[in-house]
Amino acid sequence: MEEAAAPHSPAETRLTVTSPEQMRELGLRLAGLLRAGDLVMLTGELGAGKTTLTRGLGEGLGVRGAVTSPTFVIARVHPSLVDGPPLVHVDAYRLSGGLDDMEDLDLDVSLPDSVIVVEWGEGKVEELTDDRLEVVIHRAVGDTTDEVRHLTVTGLGERWAKADLDALAG
């Protein structure tokens with residue numbers, strides 16, 4: 001009788017950024033770790049820097065179009081200009097349900113060929129794949145002038161089990 005493989009413990013790193021430019025640069029470094037089929041889930045309050053991080057990620061992936069918050073269109077697809085995967089940028093803030101509300105976006109169809117970044121995806125997209133990168137961004141509550149952000153980056157599943165997330169520190 002074969003034993004079931006032990007579940008992979010998550011890879012995790014903690015980072016601090018002190019400016020929007022550093023958040024964008026973190027996105028550039030993160031892009032170097034990503035490939036088609038990757039799901040990145042961004043969690044953080046309004047103004048935490050989720051879209052700024054995604055903007056850097058889009059630059060690093062070499063995609064077409066300005067990466068801006070897709071709050072009102074829910075999702076934007078940015079095709080690659082360098083024969084890489086397209087970036088699908090989703091803002092699930094206004095979607096109240098879980099994966100049911102996300103089904104209209106066909107993320108499960110896009111995932112194998114794209115890098116999908118979902119802002120406000122917690123509790124909504126985890127069922128898409130066991131392999132995902134979760135980025136939680138913390139900022140001082142109520143202080144809109146403080147640029148310091150503390151991030152926890154966790155890689156879940158086999159895809160991220162051996163990833164060197166400490167390389168994100170630059």
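Everything in this summary refers to the structure shown in the same document.

### Topic: the overall build of the protein chain
Secondary structure assignment for the protein chain yields four helices and seven strands. Ordering the α and β elements of the protein chain from the N terminus gives β-α-β-α-β-β-α-α-β-β-β. Going through the 170 residues of the protein chain one by one, you find that 44% of them count as buried. Nonlocal contacts in the protein chain, meaning residues at least 24 apart in sequence, comprise 65% of its contacts between residues at least 6 apart. Here the protein chain has roughly 8900 Å² of accessible surface; of this, 49% comes from carbon and sulfur atoms.

### Considerations on the pattern of salt bridges
Enumeration over the complete set of coordinates arrives at six salt bridges. Between Glu21 and Arg24 there is a salt bridge, and its shortest N-O distance comes to 2.6 Å. One end of the pair, Glu21, and the other, Arg24, are both in helix H1 (residues 20-31), three residues apart, so they sit about a helical turn from each other. Judged by relative accessible area, which is 37%, Glu21 ranks as partly exposed.

### Details of the nonpolar core
Ranked by internal contacts, the top residues of the largest apolar core, which has 27 residues, are Leu26, Leu57, Leu87, Val135 and Leu151. Counting only elements with at least two residues in this core, the list comes to strand S1 (11-17), H1, strand S2 (39-43), helix H2 (50-61), strand S5 (115-119), strand S6 (132-139) and strand S7 (149-156). For this core, the element with the most residues is H1, which contributes four residues.

### Considering the environment of Leu165
Take Leu165: it is sitting in the segment after S7. Spatially, the C-alpha atoms of Leu165 and Glu12 are 6.6 Å apart, while their sequence positions differ by 153 residues. The contacts of Leu165, once residues within four sequence positions are left out, are Ala11, Glu12, Thr13, Leu33, Leu133, Val153, Thr154, Gly155 and Trp160.

### Regarding the sheet that holds S6
Taken together, the seven strands give an open sheet; going across it, the order is S1-S7-S6-S2-S5-S4-S3, and neighbouring strands pair in mixed fashion. Edge positions in the open sheet fall to S1 and strand S3 (75-78), since each of these has one partner strand only. Recorded for the sheet is a direction-independent mean angle of 15° between the axes of neighbouring strands. Those strands touched by H1 are S1, S6 and S7, and its axis lies near 150° from that of S1. On top of the sheet, H2 reaches S2, strand S4 (87-91), S5 and S6; it is set at about 170° to S5, its chief contact.

Cut-offs and rules
Residues numbered from 1 in each chain as written. Predicted model: local features only at pLDDT ≥ 70, side-chain atom pairs only at ≥ 80, totals over all residues. Heavy atoms only, no water. Helix = DSSP H or I, 4+ residues; strand = E, 2+ residues; numbered from the N terminus. Buried < 20%, exposed > 50% of the residue type's maximum accessible area, 1.4 Å probe, protein only. Contact = heavy atoms within 4.5 Å. Areas by Shrake-Rupley, 256 points an atom, 1.4 Å probe, with all protein chains shown as cover. Salt bridge = Lys/Arg side-chain N within 4 Å of Asp/Glu carboxyl O. Core = buried A, V, L, I, M, F, W, Y, C linked by side-chain atoms within 4.5 Å. Pairing = 2+ DSSP bridges. Axes fitted to C-alpha atoms, helices over the stretch in contact; angles between N-to-C directions.

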